[in-house]
Amino acid sequence: MSASQGARKVGIVGVGKIALDQHIPSIEETQLFALGALVSQRGIGRPGVPTFRSLGEMLAACPDVEAVAICTPPDIRHGLAREALAAGRHVLLEKPPAATTTELRDLVAAARDTRRTLFATWHSQHNAAVEAARARLAGRQVRSIQVTWKEDVRRWHPGQEWIWQAGGFGVFDPGINALSILTRILPFPLFVERAELLFPAGRDTPIAASLSFRAPAEAGLREAGAEFDWRQEGEQTWTIAVETAEGTLLQLSRGGACLAVDGRVVAEEAEAEYRHIYRRFHALIEAGESDVDAAPLHLVADAFLVGRRCETAPFVW
Ligand code: NAP
């Protein structure tokens, strides 16, 4: 099917880094959707695609745009998603799906009431290696889990002031990706036992976080922790190591793109997360269903609830 023949029209709200790097190319490549409109405060455009300054203007002018992908920072996602659902449009949410757990619950209810599809995307979950890890851990006990998510904030979020403002998540913006993998692959729930959150002086959100988890006794878990740090220069690390009760070591690396079992690579895929996301969104709309996994957001909220707050050196870009 070509993009112009029968593809559903989707509009993008917030034409920033992720919209340009991933959403627009993935929409074009999968051809299940056609880019029907953009909503950009700064007026960012694409040839042949109308750009609007507000979602309201777009909804009024483009009744044929059936779906909306919300790619703004998380603190304004709830209002935008509600507005789109109320106008009868299907909604795809970038991660994190909302700024608070109550907002997300409200969106689930709004999607149900309007009978529209709501898809809370967790891009890291859409890796073949993550699915392979989930299959290998199904029904198993796990002895230990270690998450190491260390990256350079200046490299991946250049100039993005919103990440330092309340509701911007700080280092949990990438860290929630690791948590979304854990909640997907583990056959039992995790609880945040302790958290130490490191806030740069004068900033609202943490630059680093150290978490420890526990699980129900039947899971067999002895040790589980996560280290999130935005101050990593040089090599960037996004790894999860899980050791089963039998002593098998599963290592997910490159943010979930590669799985090695006892040192041997068993699943690896070139970057395809966002193409999978648009295929899934299309299938959900066709089936009249929603897909909202709130668990990663709950873990972040819990880390803030039980976390100990410490101050560190001011952050300057
Ligand atoms: P970004 O580059 O700052 O883009 C966000 C865009 O949203 C802005 O450029 C702006 O575009 C629009 N916007 C609307 N209201 C805004 C406000 N109050 N403050 C700032 N921008 C506002 O951010 P991003 O990296 O694309 O991240 C957006 C979301 O995608 C985040 O939730 C993030 O976690 C997620 N994400 C990002 C990445 C990544 O690699 N960067 C990867 C996966 C997921 P207009 O001027 O066009 O309105």
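What you see is a predicted model, and the numbers here were worked out from it, not measured in a lab.

Caption draft 1: Geometry of the environment of valine 147. Examined against the element boundaries, valine 147 turns out to sit in strand S7 (residues 142–150). Assessed through its relative accessible area of 0%, valine 147 is described here as buried. Put simply, valine 147 and tryptophan 238 are 91 residues apart on the chain and 7.8 Å apart in space, counted from C-alpha to C-alpha. What valine 147 contacts, discounting residues up to four positions off in sequence, is Ala178, Leu182, Gly225, Ala226, Glu227, Phe228, Thr239 and Ile240.

Caption draft 2: The pairing of strand S8 (residues 191–200), seen in detail. Examined bridge by bridge, S8 and strand S9 (residues 208–214) share seven bridges and lie antiparallel to one another. When the bridges of S9 are listed, leucine 198 appears paired with alanine 208. In the sheet, S8 pairs with strand S15 (residues 308–312) via five bridges, with the strands oriented parallel. If you follow leucine 197 over to S15, its bridge partner there is arginine 309.

Caption draft 3: Representation of the sheet that holds strand S5 (residues 90–93) in the model. Strand order in this open sheet of six strands is S3-S2-S1-S4-S5-S6, and the pairing throughout is parallel. Edge positions in the sheet fall to strand S3 (51–52) and strand S6 (118–120), since each of these pairs with one other strand and no more. Of the strand pairs in this sheet, strand S1 (residues 8–13) and strand S2 (residues 33–39) are connected by six bridges, and their pairing is parallel. The partner of valine 13 across the bridge, within S2, is valine 39. Along the sheet face, helix H8 (residues 273–287) touches S1, S2, strand S4 (65–70), S5 and S6 and points at about 150° away from the line of S5.

Caption draft 4: Spatial organisation of the site of the ligand. Taken together, 22 residues surround the ligand, and among them Ser40, Gln41, Arg42, Lys95 and Asp173 come closest. Within the backbone of glutamine 41, an N or O atom sits 2.8 Å from an oxygen atom of the ligand. Lysine 95 has a polar backbone atom sitting 2.8 Å from an oxygen atom of the ligand. Expressed as a share of its isolated accessible area of 870 Å², the protein-covered part of the ligand is 83%. For the shell around the ligand, the per-class residue count stands at nine nonpolar, seven polar and six charged.

Caption draft 5: The nonpolar core, seen in detail. Residues Ile145 and Phe228 are the most contacted members of the largest nonpolar core, which totals 79 residues. Top element by residues in this core is helix H7 (residues 172–185). It accounts for seven residues. The residues touching phenylalanine 228, leaving out its near neighbours within four places in the chain, are Val147, Trp149, Val171, Phe172, Gly175, Ala178, Leu179, Ala208, Ala209 and Leu211. Ranked by size, the runner-up nonpolar core spans 22 residues in total, among them Val10, Ala19, Ile27 and Leu92.

Caption draft 6: Molecular detail of H7. Here H7 spans 19 Å end to end across 14 residues, near enough to the 20 Å set by a 1.5 Å rise per residue. Most of H7 is tucked away: twelve of the 14 residues are buried.

Caption draft 7: Examining unusual backbone geometry more closely. A cis amide bond links lysine 95 with the next residue in sequence, proline 96, at an omega value of -15°. You can see proline 96 is positioned in the loop between S5 and helix H4 (101–114). Positioned with a positive phi, phenylalanine 169 is a non-glycine residue whose angle comes to about 80°. One can find phenylalanine 169 in the loop between helix H6 (153–156) and H7. You can call phenylalanine 169 buried: its relative accessible area is 7%.

Caption draft 8: Structural detail: the environment of histidine 282. Examined against the element boundaries, histidine 282 turns out to sit in helix H8. Considered as a pair, histidine 282 and arginine 8 are 274 residues apart in the sequence and their alpha carbons are 8.4 Å apart. Setting aside residues up to four positions removed in sequence, histidine 282 forms contacts with Arg8, Leu32 and Phe33.

About the criteria used
- Residues numbered from 1 in each chain as written.
- Predicted model: local features only at pLDDT ≥ 70, side-chain atom pairs only at ≥ 80, totals over all residues.
- Heavy atoms only, no water.
- Helix = DSSP H or I, 4+ residues; strand = E, 2+ residues; numbered from the N terminus.
- Buried < 20%, exposed > 50% of the residue type's maximum accessible area, 1.4 Å probe, protein only.
- Contact = heavy atoms within 4.5 Å.
- Pairing = 2+ DSSP bridges.
- Axes fitted to C-alpha atoms, helices over the stretch in contact; angles between N-to-C directions.
- Near = heavy atom within 4 Å.
- Polar contact = N/O pair within 3.5 Å; in protein donor to acceptor, adjacent residues only side chain to side chain.
- Areas by Shrake-Rupley, 256 points an atom, 1.4 Å probe, with all protein chains shown as cover.
- Nonpolar A, V, L, I, M, F, W, Y, C, P; charged D, E, K, R; others polar.
- Core = buried A, V, L, I, M, F, W, Y, C linked by side-chain atoms within 4.5 Å.
- Expected span 1.5 Å × (residues − 1).

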